[in-house]
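If you want the building blocks of each chain, they are given just below.
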Amino acid sequence: MAGRAKSPLSPHLQIYKPQLTSVLSITHRGTGVLLALALLLLPYWLLSVAAGPEAYAVLLSHFSAWYGKLLLLGLLFSVYYHLCNGIRHLVWDLGLGLDLDTTYLTGYIVVFLSILMTLATCLWMRIS
Amino acid sequence: MNLASPLARVRGLGSAKQGTEHFWQQRVTAVLLAPLCLWLVISLLGLDLEDYGAIVVWMRAPMNTVLLLILVVAACHHGQLGVQVVIEDYIHDDGQKVTSLIMVKFLAIVAGLASILAILRVFLG
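Fair warning: this is a prediction, and the values are worked out from it, not measured in the lab.

### A closer look at the overall build of chain B
Counting secondary structure elements, chain B contains five helices and zero strands. Its helices and strands taken in sequence order, chain B reads α-α-α-α-α from the N to the C terminus. Taken over 125 residues, chain B has a buried fraction of 18%.

### Looking at the overall build of chain A
Helix and strand counts for chain A stand at five helices and zero strands. Walking chain A from its N terminus toward its C terminus, one meets helices and strands in the order α-α-α-α-α. For chain A, whose C-alpha radius of gyration is 20 Å, the value lies well above the compact-globule estimate of 14 Å for 128 residues. C-alpha atoms of chain A, sized along the principal axes, occupy 70 × 40 × 25 Å. Evaluated residue by residue, chain A yields a buried proportion of 19% over its 128 residues.

### Regarding the environment of Pro53(A)
Note on placement: Pro53(A) falls in helix α3 (residues 53–63). On a C-alpha basis, the gap between Pro53(A) and Cys122(A) in space is 26 Å, while along the polypeptide they are 69 residues apart.

### Re the interface of chain B and chain A
Interface size is commonly expressed as the accessible area that is lost once the parts come together. If you look at the interface, chain B gives 27 residues, while chain A gives 24 residues. For the side of chain B that touches chain A, the secondary structure elements donating two or more residues are α2 (19–46), α3 (52–60), α4 (62–90) and α5 (94–124) of chain B. Among the residues forming the side of chain B that touches chain A, the class breakdown is 21 nonpolar, three polar and three charged.

### Focus on the nonpolar core
One broad rule of soluble globular proteins: the nonpolar side chains tend to lie buried together. Counting residues in hydrophobic clusters, the biggest one holds 29 residues, and the most contacted among them are Leu39(A), Val49(A), Val72(B), Ala75(B) and Ile119(B). Mapped by element, the contributors of at least two residues to this core are α1 (20–38), α2 (42–51) and α4 (66–93) of chain A together with α2, α4 and α5 of chain B. Among the elements that take part in this core, α4(B) stands out by supplying seven residues, more than any other. Here Val49(A) is in contact with Tyr56(A), Ile55(B), Val56(B), Met59(B), Ala118(B) and Val122(B), once residues within four sequence places are set aside.

### Structural notes on the packing of α4(A) against α2(B)
Each pair of packed helices gets described by two things: the angle between the helix axes and the distance between those axes. Between α4(A) and α2(B), whose axes approach to 10 Å, the crossing angle comes to 145°. The interaxial crossing formed by α4(A) with α2(B) has left-handed handedness. Contacts from Val79(A), Leu83(A), Gly86(A), Ile87(A), Leu90(A) and Asp93(A) in α4(A) reach Arg27(B), Ala30(B), Val31(B), Ala34(B), Cys37(B) and Val41(B) in α2(B). For the contact of α4(A) with α2(B), the residue count by class is nine nonpolar, one polar and two charged.

### Looking at the environment of Ile87(B)
All names here are of chain B. With respect to the helices and strands, isoleucine 87 occurs in helix α4. On the basis of neighbour counts, which here come to 17 C-beta atoms within 10 Å, the residue isoleucine 87 falls in the partly exposed class. The spacing of isoleucine 87 and alanine 118 is 31 residues in sequence and 29 Å in space, taken between C-alpha atoms. Every residue in contact with isoleucine 87, bar those within four places of it in the chain, is listed here: Lys97, Ser100, Leu101 and Val104.

The rules behind each value
- Residues numbered from 1 in each chain as written.
- Chains lettered and ligands numbered in written order.
- Predicted model: local features only at pLDDT ≥ 70, side-chain atom pairs only at ≥ 80, totals over all residues.
- Helix = DSSP H or I, 4+ residues; strand = E, 2+ residues; numbered from the N terminus.
- Buried ≥ 20, exposed ≤ 12 C-beta atoms within 10 Å, placed from the backbone.
- Rg over C-alpha atoms; globule rule 2.2 N^0.38 Å.
- Contact = placed C-beta atoms within 7 Å.
- Nonpolar A, V, L, I, M, F, W, Y, C, P; charged D, E, K, R; others polar.
- Core = buried A, V, L, I, M, F, W, Y, C linked by C-beta atoms within 7 Å.
- Axes fitted to C-alpha atoms, helices over the stretch in contact; angles between N-to-C directions.
- Left-handed = near helix turned anticlockwise from the far one by under 90°.

What follows is the structure in C-alpha cells.
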C-alpha cells in the first residue's frame, strides 16, 4: 500500500471542496428529480378536480396540512430554481457565458432570483 | 482494418446514435416549459384554490385547457429524459439500470395519460 499511496487520485466527492458551480449543478439535478416525482402528483390534482368537489376537498385537506405545505414550498423553490438555472443552461448551450467570472455571476443571480421568487410567492399567498 | 469479430463490434463499442435526439428533445421541451411553468404558477396564484368552482371554470377555458395539455406532455417527456440521465449516471448494474429506465418511461406515460384524461374530462364534463 505504501507504493500505491503516491499514485494520483481523482477528486473524491466527500473530500473535494464544494464550489458554487458544483453545488448549483447537483442542485439542478436534485430539484429536477423532485419535480419529476411531483409529476406523479400532477394527475392526482387534475383527477381530483375531474372527480368532483368531494375528492377535491380531500386533496385540499392534504395540502393545507403541515406536510402538504412543506411539500408545496419545496416544489415551489424547485420550480423557480430549475427554471432559472435551466435558462442559464440554455444560454450556455448557445455558447455564451462560459468563462469562469460569468459562470459565477450567473450562478449567484440564479440563487438570488429563485430565493426571491419563492419568498415573494409565499408573501403573496399570505396576503391573498 | 477492424480486426474485432462481428460479435465484439455488436457488443457495445460506439454510441446508440440516439444521443443528439435526446439532447435536442430535452432542450425543446425546456424552452416550452419555461414560459408554461411561469404561466401555471401565476394563474394558480391568481385563483382562490379553495374555491372548487373557480378552478373548474379556469380549467375549462379553451386556452387554459390547451396550454395545460401542452404543459403536461412537455413536462412528462422532459422529466423522463432527465431522470434517464440520472439513472444512466448512477446505476451501474445493467439489470437494475434497464429495469429502472423502463419503469420511469412507463410511469411518465401513465402520469401523462392520466393527466390528459382528467383535463379532457373537466373540459367536456
